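# Examining the three-dimensional arrangement
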Amino acid sequence: MSDQRLRTHSAVTPFVLDIRSLGRRAGSMAQVHRTVSVDRSIGLDLIAIPSDSDIDLDLRLEAVAEGVLVTGTVSGDTAGQCARCLEPLGGTVNVFLTELFAYPDSVTDQTTDADDIHRISDDQLDLEQAVIDAVGLDLPMVPLCRDDCRGLCPDCGVRLDNADPEHHHEKIDPRWAALQDLVTDGDPATDGDAAATDTGPDTSR
Ligand SMILES: [Zn+2]
Ligand SMILES: [Zn+2]
């Protein structure tokens, strides 16, 4: 079992690894540690590793009968926003990767779909899709600044966690509003009538 340092190849994309020095002898291993950055964000709409930020790959490559097994961690800082209150969010993602990359002439190559099992081509394997998938699965679909974030006021848009705990808007049901108009309109007349009938008889008798 040899454990050799894999030479960093001037790759097409930073996620492409050259495996020529690994060889095909089963059990042959290599460590890859590299920091890459890509010109697009990796993750989800609301939270992702932003473009041009560092992504750390700390991987072990192992030659197996059918191809090269890649295991290790992918990590990076994330940026995003709270799904409820839109407050900016920072964080880190640290995912464990286990991916088999099949040799072009292997049984796996002939019996599986390229969408299910990655392929090695020209002695290179491209980790990009595996990294995108792993990071995407690890990040929350609904990122929150805190679990009980109260979100935004539906009426004025203020962030409720920053607002007075009593923050609310006086709202009257339109049907009650109509009744209230009637009451206000009717009040002076009713009072006047009542006063007249109440006082009238007392003073005359
Ligand atoms: Zn929030
Ligand atoms: Zn409000």
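Residues numbered from 1 in each chain as written. Chains lettered and ligands numbered in written order. Predicted model: local features only at pLDDT ≥ 70, side-chain atom pairs only at ≥ 80, totals over all residues. Heavy atoms only, no water.

As recorded by an unreviewed UniProt entry, the protein carries the name DUF177 domain-containing protein and is attributed to Williamsia phyllosphaerae.

This next bit is on the coordination of the zinc ion (ligand 2). Under perfect tetrahedral coordination by four donors, a metal shows angles of 109.5 degrees; under perfect octahedral coordination by six donors, it shows angles of 90 or 180 degrees. Taken together, the protein ligands of the zinc ion (ligand 2) are Cys 153 (SG), Cys 156 (SG), His 167 (NE2) and His 169 (NE2), with distances of 1.9 to 2.3 Å. Donor residues for the zinc ion (ligand 2) sit on one chain with the sequence pattern C-x2-C-x10-H-x1-H. A residue pair is termed long-range when its members are at least 10 positions apart, and Cys 156 in the loop between helix H2 (128-138) and helix H3 (174-204) and His 167 in the loop between H2 and H3 qualify at eleven residues. Owing to a relative accessible area of 27%, His 167 belongs among the partly exposed residues under this scheme. (Donors = N, O, S within 2.8 Å, 3.2 Å for Na, K, Ca; no water. Helix = DSSP H or I, 4+ residues; strand = E, 2+ residues; numbered from the N terminus. Buried < 20%, exposed > 50% of the residue type's maximum accessible area, 1.4 Å probe, protein only.)

With that settled, the discussion passes to the coordination of the zinc ion (ligand 1). For the zinc ion (ligand 1), the full set of protein donor atoms is Cys 82 (SG), Cys 85 (SG), Cys 145 (SG) and Cys 149 (SG), and the range of their distances to it is 2.3 Å. If you look at the zinc ion (ligand 1), its four donor atoms make angles of 105 to 115 degrees with each other, and the shape they trace is tetrahedral. Mapped onto the sequence, the donors of the zinc ion (ligand 1) take the spacing C-x2-C-x59-C-x3-C. With Cys 85 in the loop between strand E7 (67-81) and strand E8 (88-102) and Cys 149 in the loop between H2 and H3, the pair connects residues that are 64 residues apart, well separated along the chain. (Tetrahedral: all angles 85-135°; square planar, octahedral: opposite > 155°, others 65-115°.)

Take a nonpolar patch on the surface next. A cluster of nonpolar side chains, namely Ile 172, Trp 176, Leu 179 and Leu 182, defines an oily patch on the protein surface of about 460 Å² accessible area. The class for Leu 179 is partly exposed, based on a relative accessible area of 42%. (Patch = residues over 30% accessible without salt bridge, like charges linked within 9 Å, V, L, I, M, F, W, Y side chains within 5 Å. Areas by Shrake-Rupley, 256 points an atom, 1.4 Å probe, with all protein chains shown as cover. Salt bridge = Lys/Arg side-chain N within 4 Å of Asp/Glu carboxyl O.)

Where strand E3 (residues 29-36) meets strand E6 (residues 55-64), eight bridges bridge the pair, whose relative direction is antiparallel. Across the sheet, Thr 35 pairs through a bridge with Asp 56, a residue of E6. With ten bridges joining them, E6 and E7 adopt antiparallel strand pairing. Its bridge partner being in E7, Ile 55 is matched across the sheet by Gly 76. Between the antiparallel neighbours E6 and E7 lie two residues. (Pairing = 2+ DSSP bridges.)

A word on unusual backbone geometry. Although it is not a glycine, Asp 122 adopts a positive phi angle of roughly 50 degrees. Here Asp 122 shows up in the loop between strand E9 (118-119) and strand E10 (124-126). For Asp 122, a relative accessible area of 70% gives the class exposed. For Asp 123, which is not glycine, the phi dihedral falls at a positive 60 degrees. Structurally, Asp 123 is set in the loop between E9 and E10. For Asp 123, a relative accessible area of 40% translates into the label partly exposed.

This part covers the environment of Asp 161. By the element assignment, Asp 161 lies in the loop between H2 and H3. For the pair Asp 161 and Arg 150, spaced eleven residues apart in sequence, the C-alpha to C-alpha distance is 6.0 Å. If we skip the residues at most four places from it in the chain, Asp 161 touches Arg 146, Cys 149, Arg 150 and Gly 151. Among the polar contacts made by the side chain of Asp 161, one reaches the side chain of Arg 146 at a distance of 2.9 Å. (Contact = heavy atoms within 4.5 Å. Polar contact = N/O pair within 3.5 Å; in protein donor to acceptor, adjacent residues only side chain to side chain.)

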